[in-house]
Amino acid sequence: DTGVSQNPRHKITKRGQNVTFRCDPISEHNRLYWYRQTLGQGPEFLTYFQNEAQLEKSRLLSDRFSAERPKGSFSTLEIQRTEQGDSAMYLCASSLVRQGENIQYFGAGTRLSVL
Amino acid sequence: QKEVEQNSGPLSVPEGAIASLNCTYSDRGSQSFFWYRQYSGKSPELIMSIYSNGDKEDGRFTAQLNKASQYVSLLIRDSQPSDSATYLCAVTRRSGGSNYKLTFGKGTLLTVNP
């Protein structure tokens, strides 16, 4: 499978617990993005990496959220002390800028339910 | 004013008809424009990208961009029931360095009736 891979696909947790999601981008892509999507809304940007450097974080990304991309390969998104409002689909995308074009390809997402 | 606006729908068309989906954006610095299709419970899938004014055709899909009016549309010809999905309009703009984050609209739900 050469697409963007996300694990787990579903996560159910209790409020206050920590959760971690993983994203494996398309292998030659140097840019990686995290988005969050709630029901009836379009995806909202959370953060973005170019190689291993985290270049932008949205104001949506509170201090309970942390993302890493060690060695510029896979990425993890951790949410500490989860709240019910964190329930959403977390989408990862990757891209390779080529001739000025930047097409982002999305993974299947991780659906988080906080009880 | 929201950055990217779409009619949420639902838009219902009969099979074989033309479906017309519209999107407006507020930032004149927007440079790249995308239409993604999202089936219920699935991830967004790129349908079309467009970067300059005018029309761009790919099979049954035509994207239209008018930067002066800050308007982008997607036409789907010969609509099929399998086209039933939410269509997301997304734009990117530069801010500071080479930032290409996507800003999405809420999406328009399209239903194609057999």
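The residue count restarts for each chain, going from 1 along the sequence in the order it is written. Each chain is given a letter, starting from A, and each ligand a number, starting from 1, according to the order in which they appear as written. Given that this is a predicted model, residues contribute local features only at a pLDDT of at least 70 and side-chain atom pairs are listed and counted only at 80 or more, while totals for whole chains, interfaces and linings are drawn from all residues. Based on all heavy atoms of the structure, the side-chain values leave hydrogens and waters out of the count.

A.B. asks: What is the right way to look at the overall build of chain B in this model?
C.D. replies: Runs of H or I in DSSP of at least four residues are treated as helices and runs of E of at least two as strands, each being numbered from the N terminus. Secondary structure assignment for chain B yields 0 helices and 11 strands. Element order for chain B, N to C, with α for helix and β for strand: β-β-β-β-β-β-β-β-β-β-β. Relative to a compact globule of 114 residues, whose C-alpha radius of gyration would be 13 Å, chain B shows 14 Å and is just as compact. Note on exposure labels: buried denotes an accessible area under 20% of the residue type's maximum, exposed denotes more than 50%, and partly exposed covers the range between, all computed with a 1.4 Å probe on protein chains only. Here chain B holds 114 residues, and the buried ones make up 45% of them. We call two residues in contact whenever any of their non-hydrogen atoms come within 4.5 Å of each other. Relative to all contacts within chain B whose residues are 6 or more apart in sequence, the contacts with residues 24 or more apart total 54%. Of the accessible surface of chain B, which amounts to about 5300 Å², a share of 45% is contributed by carbon and sulfur atoms. Computing the positive centroid from 12 side-chain charges and the negative centroid from 10, chain B places the two 9 Å apart. Throughout, radius of gyration means the C-alpha value; the globule benchmark is 2.2 Å times the number of residues raised to the power 0.38. A 1.4 Å probe and the Shrake-Rupley method give the accessible areas. Residues count as covered only by the protein chains that appear here. Note on charges: Lys and Arg go in the positive column, Asp and Glu in the negative column, and His and the chain ends are not counted at all. Here the site of a charge means atom NZ of a Lys, CZ of an Arg, CG of an Asp or CD of a Glu.

A.B. asks: Any chance you could explain the pairing of strand β5 (residues 45–50) of chain B here in plain terms?
C.D. replies: In the case of a regular strand, side chains alternate between the two sheet surfaces. Residues and elements named next belong to chain B. When DSSP finds at least two bridges between two strands, those strands are taken to pair. Relative to β5, strand β4 (residues 30–38) runs antiparallel, the two sharing 5 bridges. Across the sheet, residue Trp35 finds its bridge partner in β5, namely Met48. The loop that links β4 with its antiparallel partner β5 comprises 6 residues; one of these, Gly41, has a positive phi angle of about 80°.

A.B. asks: Explanation requested: the sheet that holds strand β6 (residues 54–58) of chain B in the structure shown.
C.D. replies: Picture the strands of a sheet paired through backbone hydrogen bonds; they go either parallel or antiparallel. Residues and elements named next belong to chain B. Pairing in this open sheet of 5 strands is antiparallel, and the strands run β1-β3-β8-β7-β6 from one edge to the other. A strand with exactly one partner marks an edge of an open sheet, and here the two such strands are β1 (4–6) and β6. Within this sheet the neighbouring strands show an average axis-to-axis angle of 20°, counted without direction. Direction of pairing for β6 relative to strand β7 (residues 61–66): antiparallel, over a ladder of 5 bridges. Bridging from a neighbouring strand, Glu57 pairs with Thr62 of β7. Helix axes are fitted to C-alpha atoms over the stretch in contact, other axes to C-alpha atoms as well, and angles between N-to-C directions run from 0 to 180 degrees.

A.B. asks: Any chance you could explain the environment of Ser84 of chain B here in plain terms?
C.D. replies: All names here are of chain B. Within the secondary structure, Ser84 is located in the loop between β8 (71–76) and β9 (85–93). Residue Ser84 is classed as partly exposed on the basis of its relative accessible area, which comes to 23%. In this structure, the C-alpha to C-alpha distance between Ser84 and Thr111, residues 27 residues apart in sequence, is 4.6 Å. Beyond its immediate chain neighbours, meaning those up to four positions away, Ser84 contacts Tyr39, Leu110, Thr111 and Val112. At 2.9 Å, the side chain of Ser84 and the backbone nitrogen of Val112 are in polar contact. Pairing of N or O atoms within 3.5 Å defines a polar contact, subject to two protein rules: one partner must be a possible hydrogen donor and the other a possible acceptor, and residues neighboring in sequence count only if both atoms are side-chain atoms.

A.B. asks: Looking at this model, I keep getting lost on the sheet that holds strand β7 (residues 65–68) of chain A. Mind explaining?
C.D. replies: Residue and element names in this part refer to chain A. If you walk across this open sheet you meet the 4 strands as β1-β3-β8-β7, and the pairing is antiparallel. The open sheet is flanked by β1 (5–7) and β7, the only strands paired with a single partner. The mean inter-strand angle of the sheet, taken between neighbouring strand axes irrespective of direction, is 15°. In this sheet, strand β3 (residues 19–24) lies alongside β1 in antiparallel orientation, the contact comprising 3 bridges. Looking across to β3, one finds that Gln6 is bridged to Cys23.

A.B. asks: Help me out: how do you make sense of empty space enclosed by the protein in this one?
C.D. replies: Where empty space is left in the structure can be found by rolling a water-sized probe over the atoms. Residues and elements named next belong to chain B. Throughout, the protein atoms alone are placed on a 1 Å grid, and a set of points is a cavity if a 1.4 Å probe fits but cannot get out or a pocket if it is open with protein on both sides within 12 Å along at least five of seven lines; lining residues have an atom within 4 Å of a point. Grid points are joined across faces, edges and corners, and a volume is the space filled by probe spheres set on the points. Summed over all chains, the structure comprises 1 cavity of 30 Å³ or more. Approximately 40 Å³ is the volume attributed to the largest cavity. In this structure, the largest cavity is lined by Glu3, Val4, Tyr25, Ser26, Asp27, Ser30, Val91, Arg93 and Thr103. Following the grouping adopted for this structure description, the nonpolar residues are Ala, Val, Leu, Ile, Met, Phe, Trp, Tyr, Cys and Pro, the charged ones are Asp, Glu, Lys and Arg, and the polar ones are all others, Gly among them. Residues of the lining of the largest cavity, tallied by class, amount to 3 nonpolar, 3 polar and 3 charged.

A.B. asks: Please explain unusual backbone geometry as it appears in this structure.
C.D. replies: What you tend to see is this: most non-glycine residues have negative phi, and most peptide bonds are trans. Cis rather than trans, the peptide bond between Asn7 of chain A and Pro8 of chain A has omega equal to -10°. Along the chain, Pro8 of chain A falls in the loop between β1 and β2 (10–13). Even without being a glycine, Arg81 of chain A presents a positive backbone phi close to 50°. Turning to its location among the elements, Arg81 of chain A is positioned in the loop between β8 (75–79) and β9 (88–95). Phi at Asp78 of chain B takes a positive value of approximately 50°, unusual for a residue other than glycine. With respect to the helices and strands, the residue Asp78 of chain B is situated in the loop between β8 and β9. You can call Asp78 of chain B partly exposed: its relative accessible area is 40%.

Bear in mind that shape data such as this cannot, by itself, settle questions of function.
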